[in-house]
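Overview (structure and organization)
Below, each chain spelled out in residue letters.
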Amino acid sequence: MERAMKEKLVLVGNGMAGVRTLEELLKIAPDRYDITVFGAEPYGNYNRILLSPVLAAEKGIDDIMLNTVAWYEDNNITLHVGTTVVDVDRRRRTVIAADGTEASYDRLLLATGSNPFIIPVPGHELPGVIGFRDITDVDTMLDSAKRHTHAVVIGGGLLGLEAANGLKLQGMNVTVVHLTETLMERQLDEVAAGMLQRSLEAKGLQFLMATQTEAILGDEHVKGVRFKGGLEVAADLVVMAAGIRPNIELAKKIGLHCERGIVVNDTLQTFDPKIYAVGECVQHRGHSYGLVAPLFEQAKVCANHLACYGIGRYEGSVTSTKLKVTGVDLFSAGDFLGDDSTEALVMKDAARGVYKKIVLKDNKIHGAVMYGDTVDGAWYFQLLRDGTDVSDFRDTLMFGQAHLGDSGHGGQNAASAMSDDMEVCGCNGVCKGEVVKAITGKGLFTLEEVRSHTKASASCGSCTGLVEQILASTVGDYSETPKKKPVCGCTDFTHDEVRHAIEDNKLTSIQAVREFLEWKNPDGCASCRPALNFYVLAAWPREAKDDPQSRFINERVHANIQKDGTYSVVPRMWGGVTTPKELRALADAAEKYNAKTVKVTGGQRIDLFGIKKEDLPAIWSDLNQAGMVSGHAYGKSLRTVKTCVGSEWCRFGTQDSTGLGIKLEKMTWGSWTPHKFKMAVSGCPRNCAEATIKDFGVVCVDSGYELHVGGNGGIHVRATELLCKVATEDEAMEYSAAFMQLYREQAHYLERTAPWIERVGLSYVKQKVAEDEVGRKALQQRFLESQEVFQYDPWAKEAEDPQTRKAYIPIKKVG
Ligand SMILES: Cc1cc2nc3c(=O)[nH]c(=O)nc-3n(C[C@H](O)[C@H](O)[C@H](O)COP(=O)(O)OP(=O)(O)OC[C@H]3O[C@@H](n4cnc5c(N)ncnc54)[C@H](O)[C@@H]3O)c2cc1C
Ligand code: SF4
């Protein structure tokens, strides 16, 4: 009885947008409709996005099913698979399928997707010429790869390149033909497109750029392709990936208003208010979309109106793009080309294969394109969509979210830096807060569970790592699903496993590590290269050779880049003590090199701002002559030892804090560490040198020296914990060297002492440094040995060598 009173909803098109609308509807109004679905394809609903990984043999068909036939049964949905709707009698409100099946409706939802655009050149109907749209196309490609050799892909856009990559991995000889000079010209600027092309060429793909197809050759089956100009290329398979066209055939036939797509309003209604439309087939405010994120936003709004809740309007979407080719990291969003009204921040590091361009307008991100290091893509996209004013952190914007505020806390974990309202999954519009709430509220423990409850990571999969990080940080160590966090996507090994392999097998170069541990990406990436460089240097200081290309920009140029592209120069002032001679040299240098600001830093040093890059070697040389060396203010290394005046001048002082600070700095300067390392010595518990928010702090007391560790004064202020108390200065020196060496040998790269101690536990550190005397002395010994290699002034080295001056090419800033 109740069933008879329900309204009838019919969905035409069993694809991603249509079924997502049903899922949203079932969430909010499960009993409102009797639902019937018609799908032309002979399957349940599958994740079309993942056809590329299926072609690349990274996934099977079963892995990409979103809703099996059982799901429809469980939800009392009548499903007609392999059944194309050919007509709709709008007067009788009835849909009619090709096989004669009819279904009446109160509301009709059209979600007929798109068709690949097949260029109508002679021969385009020959067998062996296909699009890349569905499972049948993938089957044809896989079959062709088994029997044939040559493939031509027409179109160097996202789909074409994913098809070409998959066919290459299936063993075919693949030529990509593209009409313009650069690949993916609607998503990438020239530089990124060039880098992409080179890396795909390295994978074995061939390209014919600025080339127009004239005819497909062959009699009964495709044999080749001829291009304008007469060039002919052999082909047993031609994949047309030259764009898509909204599938409006049915809508037009039944008299709905269509332009490029089926025209809908903000509630996703067509000109017939009983008929709704979502997905690639629609045109909304003049736009049609070819990516799932906007389609899922449409689905949500449409479901809301089908449920008669009457709230929510779809107002259009901003989209971002990622390419799903393993080993190629690429991201673009918004207007990345810019114009006269915009400015662009550009960073290109050809040796590391990294390129980033951020287009700003009125101090807001207008567009971004990134190649080689896309970790911060989601963050930039969020800033772009929110219209955030970036003036406050513009100077570090280029270096990503982990450098925000330079707190150094867990820089390796992007998830921990995210706020709850930040988007994790771009395809499904899921924010971090929703994921955390689902994990804690529903007791989820696995990625699969998070996917099915929140949809995060359920579409293109590029946010999977981020979702795993949130899962790990929310559930902690769940013993039934032990998870280990690899260094990065290039390997499955963790930081600890990599460090052990380096030590146990005497691996002394980044290359040796990658080969020994069979890195998935033989060249590594922007995350693993600096980490491996540090690990080999820390383990084998005498044998390993520094790879400057695997260091961050500031470390490579021994100065801190500022937001106007100039640099700041900070010489070392031992323990914060200076002399008239040094001050005179600083004043001279400030005048000679036009320093715009002279500033005393929080670490008791003098900072000269606004130095031009080409002047760096000369200013260093001048400062060297006054006896000053680099302050390493830019490095993952010892920064400063801050002191108070102590017993020499202060009436409360218990020990010579200044003297101890100078000794500590002279022992530890030049040492590379996993992250920056700061020290301080206060002459009494009044603690004027703020020793209890440093990585290693000494508080002098009448009976000796309290040694404190693991403090931090950044965004997340953390007070130190007491390591132990010692009686003499020599002991304070010994313990500090041992602590620093333990941190160097055991912390993960980019892990400050605070999170490291939280991870391993203070008692472990106490046991190694305070309780085990033999172990402590061995640690100290290894520290001092390493210092014999690394304790030199990089400024003097660079300033002496005229050749190295050429390397000081500034980050380019246009506009
Ligand atoms: C290889 C590939 C890779 C992609 N990669 C990405 C990506 O990385 N990121 C991203 O966001 N997007 C990606 N996309 C795009 C994404 O898959 C589409 O945007 C999305 O699937 C569109 O959903 P839709 O429901 O509008 O259309 P579809 O998913 O195509 O569904 C339409 C369905 O309607 C059926 N149909 C049509 N007419 C009728 C009729 N008259 N009767 C019955 N059934 C009918 C069709 O057979 C089809 O099954 C990719 C697409 C492809 C092909
Ligand atoms: S910490 Fe103590 S000794 Fe040092 S300046 Fe302050 S009061 Fe004086």
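Sequence order sets the numbering: in each chain, residues are counted from 1 along the sequence as written. By the order in which they are written, chains take letters starting at A while ligands take numbers starting at 1. Totals for whole chains, interfaces and linings use all residues, but because this is a predicted model, local features are given only for residues with pLDDT of at least 70 and pairs of side-chain atoms are given and counted only at 80 or more. Each side-chain value is worked out from all heavy atoms of the structure, with water and hydrogens disregarded.

What follows is about the overall build of the protein chain. On a plain count of helices and strands, the protein chain comes out with 26 helices and 39 strands. Taken over C-alpha atoms, the radius of gyration comes to 31 Å for the protein chain, in line with the 28 Å a tight globule of 815 residues would show. Projected onto its principal axes, the C-alpha positions of the protein chain cover 100 × 70 × 50 Å. Per-residue accessibility, obtained with a 1.4 Å probe over protein chains only, is compared with the maximum for each type, and a residue is labelled buried under 20%, exposed over 50%, and partly exposed between these values. In the protein chain, buried positions account for 54% of the 815 residues. In this description, contact between two residues means that some pair of their heavy atoms is separated by no more than 4.5 Å. Long-range pairs, those at least 24 residues apart, make up 62% of the contacts in the protein chain between residues at least 6 apart in sequence. For the protein chain, the exposed surface amounts to about 34,800 Å²; the carbon and sulfur share of it is 50%. All tallies of charge rest on Lys and Arg as positive and Asp and Glu as negative; His and the ends of each chain are not included. Think of each charge as sitting on NZ of Lys, CZ of Arg, CG of Asp or CD of Glu. Averaging the coordinates of the 93 positive side-chain charges in the protein chain and doing the same for the 107 negative ones gives two points 3 Å apart. In this description a helix means any DSSP run of H or I spanning at least four residues, a strand means any run of E spanning at least two, and both kinds are numbered starting from the N terminus. The quantity called the radius of gyration is restricted to C-alpha atoms. Its globule counterpart is 2.2 Å times the number of residues to the power 0.38. Each accessible area value is a Shrake-Rupley result obtained with a 1.4 Å probe; residue values ignore everything except the protein chains displayed when judging cover.

Here a strand pair is declared whenever DSSP counts at least two bridges between the two strands. On the basis of which strands lie adjacent, the open sheet formed by 4 strands has the order S30-S31-S33-S32 and antiparallel pairing. Pairing within the sheet leaves two strands with one partner each, and these edge strands are strand S30 (560-561) and strand S32 (597-600). Sheet analysis places S30 next to strand S31 (residues 567-569), joined by 2 bridges and oriented antiparallel. If you follow Ile 561 over to S31, its bridge partner there is Tyr 567. Simply put, an axis is a line fit to the C-alpha atoms, just over the touching stretch for a helix, and the angle between two N-to-C directions goes from 0 to 180 degrees. Its contacts with the sheet put helix H18 (residues 580-592) on S32 and strand S33 (606-611), and the angle it makes with S33 is roughly 15°. The strands touched by helix H19 (residues 616-625) within the sheet are S31 and S33, with S31 carrying the most contacts at an inclination of about 10°.

Lining the immediate environment of ligand 2, one finds Cys 644, Gly 646, Cys 650, Phe 652, Gly 653, Gly 683, Cys 684, Arg 686, Asn 687 and Cys 688. Each residue receives one of three labels: charged for Asp, Glu, Lys and Arg, nonpolar for Ala, Val, Leu, Ile, Met, Phe, Trp, Tyr, Cys and Pro, and polar for the others, Gly being one of them. Across the shell around ligand 2, the residue classes tally to 5 nonpolar, 4 polar and 1 charged. Definition of nearness: a residue and a molecule or strand are near each other if at least one heavy atom of the residue lies within 4 Å of the molecule or strand.

On to the pairing of strand S37 (residues 704-709). In terms of burial, S37 is a largely internal element, 5 of the 6 residues being buried. Across 6 bridges, strand S36 (residues 696-701) lies against S37 in antiparallel orientation. Opposite Gly 697, over in S37, you have His 708 as the bridge partner. Sheet topology note: the S37/strand S38 (residues 721-726) ladder contains 5 bridges and is antiparallel. Each bridged residue has a counterpart across the sheet, and for Leu 707 the counterpart in S38 is Cys 724.

What follows concerns empty space enclosed by the protein. In this approach the atoms are scanned with a rolling probe the size of a water molecule, which exposes any empty space left behind. In the cavity and pocket records, a cavity denotes points on a 1 Å grid over the protein atoms alone where a 1.4 Å probe fits but cannot get out, a pocket denotes an open set with protein on both sides within 12 Å along at least 5 of 7 lines, and lining residues are residues with an atom within 4 Å of a point. Grid points are joined across faces, edges and corners, and a volume is the space filled by probe spheres set on the points. Under the counting rule described, the total for this entry stands at 5 cavities of 30 Å³ or more. Of the volumes computed, that of the second largest cavity is approximately 100 Å³. The wall of the second largest cavity is formed by 13 residues, among which Arg 20, Glu 23, Leu 66, Phe 296 and Lys 455 lie closest to the centre. Those elements that place two or more of their residues in the lining of the second largest cavity are helix H1 (16-28) and strand S4 (65-67). Among the elements that make up the lining of the second largest cavity, the one with the highest residue count is H1 (4 residues). For the lining of the second largest cavity, the class distribution of residues is 5 nonpolar, 5 polar and 3 charged.

Here the focus is the UniProt feature "domain: FAD/NAD(P)-binding" (unreviewed entry) in the protein chain. In the numbering adopted here, UniProt assigns the feature "domain: FAD/NAD(P)-binding" (unreviewed entry) to residues 8-284. The annotated region residues 8-284 carries 24% helix and 31% strand content, and the separation between its end C-alpha atoms amounts to 25 Å. UniProt positions are given in the numbering used here, feature names are shortened, and annotations may be inferred rather than shown by experiment.

Okay, the pattern of salt bridges next. Salt bridges are defined as contacts in which a side-chain nitrogen from Lys or Arg sits within 4 Å of a carboxyl oxygen from Asp or Glu. Overall, the coordinates contain 32 salt bridges when judged by the stated rule. Its salt-bridge partner being Glu 41, residue Arg 48 comes within 2.9 Å of it at the nearest N-O pair. On the basis of relative accessible area, Arg 48 is assigned to the buried category, the value being 19%. Judged by its relative accessible area of 23%, Glu 41 is partly exposed. For the salt bridge of Asp 143 with Arg 147, the shortest nitrogen-to-oxygen distance reads 2.8 Å. Here the residue Asp 143 and the residue Arg 147 both occupy positions in helix H4 (residues 135-147), the gap between them amounting to 4 residues, near one helical turn. Judged by its relative accessible area of 33%, Asp 143 falls in the partly exposed class.

Turning to the UniProt feature "binding site: siroheme" (unreviewed entry) in the protein chain, a few remarks are in order. In the numbering adopted here, UniProt assigns the feature "binding site: siroheme" (unreviewed entry) to Cys 688. For Cys 688, the location among the structural elements is in the loop between strand S35 (677-682) and S36. Its relative accessible area of 61% is what places Cys 688 among the exposed residues. Residue contacts for Cys 688: discarding those within four places in its chain leaves Cys 644 and Ser 682.

Let's shift gears to the environment of Glu 800. By the secondary structure assignment, Glu 800 is in helix H25 (residues 794-800). Its relative accessible area of 64% is what places Glu 800 among the exposed residues. The spatial distance from the C-alpha of Glu 800 to the C-alpha of Pro 617 is 8.2 Å, given a sequence separation of 183 residues.

Definition used in this section: a nonpolar core is a set of buried Ala, Val, Leu, Ile, Met, Phe, Trp, Tyr and Cys residues joined via side-chain atoms within 4.5 Å. In terms of nonpolar packing, the biggest core is built from 87 residues, with Leu 167, Leu 196 and Leu 397 touching the most fellow members. If sequence neighbours within four positions are ignored, Leu 196 has contacts with Leu 161, Leu 183, Met 184, Leu 188, Leu 323, Val 328, Leu 330 and Tyr 371. Within the second largest apolar cluster, 50 residues are counted, among which are Val 12, Ala 97, Leu 110 and Tyr 276.

Inspection of the secondary structure puts Asp 266 in the loop between strand S20 (262-264) and strand S21 (275-277). A relative accessible area of 14% places Asp 266 in the buried class. In the analysis that follows, any N or O atom pair within 3.5 Å is treated as a polar contact, provided that within protein one partner can donate a hydrogen and the other can accept it, and provided that, for residues neighboring in sequence, both atoms belong to side chains. In this structure the side chain of Asp 266 is engaged in a polar contact, spanning 2.7 Å, whose partner is the side chain of Arg 285. A distance of 2.7 Å separates the side chain of Asp 266 from the side chain of Arg 313, its partner in a polar contact. Residues contacting Asp 266, with those up to four places away along its chain left out, are His 284, Arg 285, Val 301, Arg 313, Tyr 314 and Glu 315.

This part takes up the domain arrangement of the protein chain. Throughout the structure description, domain borders are defined by an automatic or database domain assignment. Domain boundaries in the protein chain define domain 1 (7-113 + 247-307), domain 2 (116-245), domain 3 (417-476), domain 4 (495-551), domain 5 (554-626) and domain 6 (638-790). The centre of domain 3, based on its C-alpha atoms, is set 39 Å off from the matching centre of domain 6.

What follows covers the layout of surface pockets. There is about 240 Å³ of room inside the second largest pocket. Surrounding the second largest pocket, 14 residues form its lining, Ala 538, Ala 539, Gln 741, Glu 745 and Arg 782 being those nearest its centre. Where the lining of the second largest pocket is concerned, the elements lending two or more residues are helix H14 (495-504), helix H16 (528-539), helix H21 (729-746) and helix H24 (773-790). For the lining of the second largest pocket, the leading source of residues is H21, giving 4 residues.

Our focus in this paragraph is the environment of Gly 113. Topologically, Gly 113 is positioned in the loop between strand S9 (107-110) and strand S10 (114-116). Overall, the relative accessible area of 15% leaves Gly 113 in the buried class. Taking the C-alpha atoms as reference, Gly 113 lies 10.0 Å from Ala 277; in sequence the two are 164 residues apart. The contact partners of Gly 113, leaving out residues within four places of it in the chain, are Arg 133, Pro 246, Asn 247, Glu 280 and Cys 281.

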